[in-house]
Amino acid sequence: MESQLTILLPVAAVWLAAGVVADGLPRLRNTRMLRRRTGWLLVLVLSGVALTAAVLGGGLLSAGTDPVDRAAAGLSLAAGPALVATVCSVRRIRRLWAGAGAFASAPATPAPHGLRAAAAHPLVGLPLQVTALATVPALIAAAGTDLGADPGVTGPAITVGALAVIAIGVRHALRHNRFAERAQPAVAGSTRAAGALHV
């Protein structure tokens, strides 16, 4: 069990760190800090994808009850969110990093609401945080507690996990909408003086 936990801990730690960094991006008000944190996030996500793929690939190549095989079985729940993070989040993070880099000549520039809205997009942070959440059952199983063994525990655990994912998604959507509304230009009023309506 200890060797299985040793394999899973770095994977879970990288995804958790990526989720925390992604959650803090929209709160950054300086373009230099936004670019730096986006660069960190890109490195963390690519590391998480590489570690997850290495563990899952090692599980496919190993035979029997090797620790890497048990770790890969535990990470199978996180494979889907990690794939979404690879396909959707990495592209958005790279575009956000490039967008913040456009202000490199003026590093003290406040981050525009458009960049902060892009940083708050649900497809940036949600897949990373769901992947981190999906590694928790594998860690619990590696520590010696099997959630699937007791039907009285499995159902509530699945319900709590689903509610957590929904809550995270709603939070990201609301925050993205708030920044997106601020990023839209103000609608100019009519220049014509208000007068009587003639038919």
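Residues numbered from 1 in each chain as written. Predicted model: local features only at pLDDT ≥ 70, side-chain atom pairs only at ≥ 80, totals over all residues. Heavy atoms only, no water.

Description of the packing of aromatic side chains
Then comes step 1: Here the structure, examined in full by the defined rule, presents zero aromatic pairs.
Then comes step 2: Its guanidinium or amino end placed over the ring of W97, R35 lies 3.9 Å from that ring's centre, counting from NZ or CZ. (Phe/Tyr/Trp six-rings, centres within 6.5 Å; stacked < 30°, edge-to-face > 60°. Lys NZ or Arg CZ within 6 Å of the ring centre and 35° of its normal.)

A closer look at the nonpolar core
Then comes step 1: Ranked by internal contacts, the top residues of the largest apolar core, which has 32 residues, are W15, L25, L34, L41, V45 and L128.
Then comes step 2: Within the residue set of this core, elements represented by two or more residues are α1 (2-24), α2 (31-61), α3 (67-74), α4 (76-101), α5 (113-119), α6 (122-134) and α7 (136-142).
Then comes step 3: If one sorts the elements of this core by residue count, α4 sits on top with seven residues.
Then comes step 4: Contacts of V45, omitting those with residues within four sequence positions, involve W15, A18, V90, I93 and L128. (Core = buried A, V, L, I, M, F, W, Y, C linked by side-chain atoms within 4.5 Å. Buried < 20%, exposed > 50% of the residue type's maximum accessible area, 1.4 Å probe, protein only. Helix = DSSP H or I, 4+ residues; strand = E, 2+ residues; numbered from the N terminus. Contact = heavy atoms within 4.5 Å.)

Regarding the environment of M33
Then comes step 1: In this structure, M33 sits in helix α2.
Then comes step 2: When its relative accessible area of 25% is taken as the criterion, M33 is described as partly exposed.
Then comes step 3: Measuring from C-alpha to C-alpha, the distance between M33 and A111 comes to 9.1 Å, with 78 residues separating the pair along the chain.

Focus on the side chain of R116
Then comes step 1: For R116, the position within the fold is in helix α5.
Then comes step 2: Despite its burial, R116 pairs with no opposite charge, the nearest such side chain being D23 at 12 Å.
Then comes step 3: A polar contact is formed between the side chain of R116 and the backbone oxygen of P26, at a distance of 2.9 Å.
Then comes step 4: Those residues in contact with R116 that sit more than four places away from it in its chain are P26, R27, L28, R29, A111 and F179. (Lys, Arg positive; Asp, Glu negative; His and termini not counted. Salt bridge = Lys/Arg side-chain N within 4 Å of Asp/Glu carboxyl O. Polar contact = N/O pair within 3.5 Å; in protein donor to acceptor, adjacent residues only side chain to side chain.)

Section: the pattern of salt bridges
Then comes step 1: What the rule picks out here adds up to three salt bridges.
Then comes step 2: A salt bridge links R171 to D23, with the shortest nitrogen-to-oxygen separation between them at 2.6 Å. Within this pair, whereas R171 is found in helix α8 (residues 151-183), its partner D23 is found in helix α1, the two being separated by 148 residues in sequence.
Then comes step 3: Assessed through its relative accessible area of 39%, R171 is described here as partly exposed.
Then comes step 4: Through salt bridges that share partners, D23, R27, R171 and R175 make up one connected network.

Quick word on the packing of α2 against α4
Then comes step 1: Interhelical geometry of α2 versus α4 gives an angle of 155° and a closest axis separation of 9 Å. As far as their axial angle goes, α4 and α2 are roughly antiparallel. Note on packing geometry: the crossing formed by α2 with α4 is left-handed. Of the residues in α4, those touching α2 at T31, L34, R35, T38, G39, L41, L42, V45, L46, V49, T52 and L56 are S76, A79, A82, T86, V90, I93, R94, L96, W97, A98, A100 and G101.
Then comes step 2: Tallied by class, residues from the contact of α2 with α4 come to 15 nonpolar, seven polar and two charged. (Axes fitted to C-alpha atoms, helices over the stretch in contact; angles between N-to-C directions. Parallel < 35°, antiparallel > 145°, perpendicular 65-115°, else oblique. Left-handed = near helix turned anticlockwise from the far one by under 90°. Nonpolar A, V, L, I, M, F, W, Y, C, P; charged D, E, K, R; others polar.)

Here we look at the environment of P10
Then comes step 1: Along the chain, P10 falls in helix α1.
Then comes step 2: When its relative accessible area of 38% is taken as the criterion, P10 is described as partly exposed.
Then comes step 3: Separated by 38 residues in sequence, P10 and G48 have C-alpha atoms that sit 8.7 Å apart.

Comments concerning the confidence of the model for the protein chain
Then comes step 1: Averaged over every residue, the pLDDT of the protein chain is 83; the share at 70 or more is 83%.
Then comes step 2: This stretch, residues 186-191, has a pLDDT under 50; its non-local contacts, to residues over four places away or in other chains, come to zero contacts. (pLDDT = per-residue confidence, 0-100.)

Some points on α4
Then comes step 1: An ideal rise of 1.5 Å per residue puts 38 Å on 26 residues; α4 measures up with 36 Å between its terminal C-alpha atoms.
Then comes step 2: Taken as a whole, α4 has its buried residues at A78, P81, A82, A85, S89, V90, I93, L96 and A100. (Expected span 1.5 Å × (residues − 1).)

Let's talk about the side chain of D23
Then comes step 1: On the basis of relative accessible area, D23 is assigned to the buried category, the value being 14%.
Then comes step 2: Engagement of the side chain of D23 in a polar contact is seen with the side chain of R171, the distance being 2.6 Å.
Then comes step 3: Filtering out sequence-adjacent residues up to four positions away, D23 remains in contact with Q129, R171, H172 and R175.

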